[in-house]
Amino acid sequence: MKKRIHIRKPAVLIITVLIVVSASYFLFRPKENENIVTVAVIEDYSYVLESNQTKIYKKYFKDLQEELKNKEVDEEKYARLITQLFLIDFYTLTSKMTNQDIGGVQYIYSKNQDNFRLKASETIYKYVESNIYGNRKQELPSVKDVEIESIKEINYSLQESKKVRGYELVANISYKKDLGYDTKKTITVIEDEEKLSIAEIK
């Protein structure tokens, strides 16, 4: 008579492991970003609005959408809006999941984006704690508004030894709570193929 092969214990063990792994995933998976979705895209310019942005950011993004629909785009207004959007996104650290979640990159001059990310991750973003599991206790800034103090047309010299037309803007940043972050920045906006982009931040 042949002996029966007992597979009950190994099968129970495998099922138990699968249950534990599945339960761990649902208990400890990222919570904060699971509902973050893209809510608007400005197609020809590749600007994206995500659902976790603040009310003031969404307001300026809508203004940008409306402006870029026009046949004749007001470049000065365009430069103002991307400066406001950039500064709000960059300094609103409360919405960032990790220190690699750098805000405002989509408004940076295309050839400078990698360097910008690196510099930001080594400075202002360096000490931003992870909020992947939604349990961050760290106090971080949230921008209340950005006002443009002045704007002037300039010619800007690129590293490629050519000059392009652009704008220099002075912007004042206000926060929901003052935590000692920058309150005034000078932003240089230049032509970047078919759109405007931020080339320099002082």
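Refer to the preceding data block for the structure.
Starting afresh in each chain, residues are numbered from 1 along the sequence in its written order. Restriction of local features to residues with pLDDT of at least 70 applies here, the model being predicted, together with a cutoff of 80 or more for giving and counting side-chain atom pairs; totals for whole chains, interfaces and linings are based on all residues. Calculation of side-chain values draws on the structure's entire complement of heavy atoms; hydrogens and water are dropped beforehand.

Caption draft 1: Just helix 2 (residues 55-69), in detail. Labels follow the DSSP assignment, with helices taken as runs of H or I lasting at least four residues and strands as runs of E lasting at least two, numbered in each case from the N terminus. A helix is expected to span 1.5 Å multiplied by its residue count minus one. For helix 2, which comprises 15 residues, the first-to-last C-alpha distance of 21 Å matches the rise-based estimate of 21 Å (1.5 Å per residue) to within 8%. The rule is simple: take the accessible area with a 1.4 Å probe, protein chains only, and divide by the maximum for that residue type; under 20% is buried, over 50% is exposed, in between is partly exposed. Within helix 2, the full set of buried residues consists of Ile56, Tyr57, Tyr60, Phe61, Leu64, Glu67 and Leu68. Taken around the axis of helix 2, the buried residues stretch over an arc of 135°, which confines them to a single face. Turned more than 90 degrees from where helix 2 packs its buried face, Lys55, Lys62 and Lys69 sit exposed. What the arc describes is the spread of directions from the helix axis to the C-beta atoms.

Caption draft 2: Local environment of the sheet that holds strand 6 (residues 195-201). One open sheet holds the 4 strands; their spatial order is 3-4-5-6, and the pairing between them is antiparallel. Unpaired on one side and paired on the other, strand 3 (143-157) and strand 6 mark the two borders of the sheet. Across this sheet, the average inter-strand angle for adjacent strands is 30°, counted without regard to direction. As defined by bridge partners, strand 4 (residues 163-175) adjoins strand 5 (residues 184-192) across 7 bridges and the pair is classed as antiparallel. Following the sheet pairing, alanine 171 is matched in strand 5 by lysine 185. Strand pairing follows a simple DSSP-based rule, namely that at least 2 bridges must link the two strands. What counts as an axis is a line fitted to C-alpha atoms, over the stretch in contact for a helix, and the angles between N-to-C directions run from 0 to 180 degrees.

Caption draft 3: Quick peek at the layout of surface pockets. Empty space within the largest pocket amounts to approximately 580 Å³. Definitions used for this entry: grid spacing 1 Å over protein atoms alone; cavity, a set of points where a 1.4 Å probe fits but cannot get out; pocket, an open set with protein on both sides within 12 Å along at least 5 of 7 lines; lining residue, one with an atom within 4 Å of a point. Together, 24 residues line the largest pocket, and Phe116, Lys119, Ala199, Glu200 and Ile201 are the ones closest to its centre. When residues of the lining of the largest pocket are traced back to their parent elements, those giving at least two are helix 3 (75-91), helix 4 (113-122), strand 3 and strand 6. Polarity classes work like this: nonpolar for Ala, Val, Leu, Ile, Met, Phe, Trp, Tyr, Cys and Pro, charged for Asp, Glu, Lys and Arg, and polar for all others, with Gly in that last group. Here the lining of the largest pocket is built from residues that sort into 12 nonpolar, 5 polar and 7 charged. Its volume calculated, the second largest pocket comes out at about 320 Å³. Lining the second largest pocket are 17 residues, and of these Glu50, Gln53, Asp89, Asp101 and Ile102 sit closest to its centre. The leading source of residues in the lining of the second largest pocket is strand 2 (residues 47-50), at 3 residues. Taken together, the residues of the lining of the second largest pocket break down into 6 nonpolar, 7 polar and 4 charged. Grid points are joined across faces, edges and corners, and a volume is the space filled by probe spheres set on the points.

Caption draft 4: Structural context of unusual backbone geometry. You will see that serine 46, though not glycine, has its phi angle at about 60°, which is positive. Mapped onto the fold, serine 46 is located in the loop between strand 1 (38-42) and strand 2. Even without glycine at this site, glutamate 193 takes up a positive phi of about 60°. Looking at the element boundaries, glutamate 193 is found in the loop between strand 5 and strand 6.

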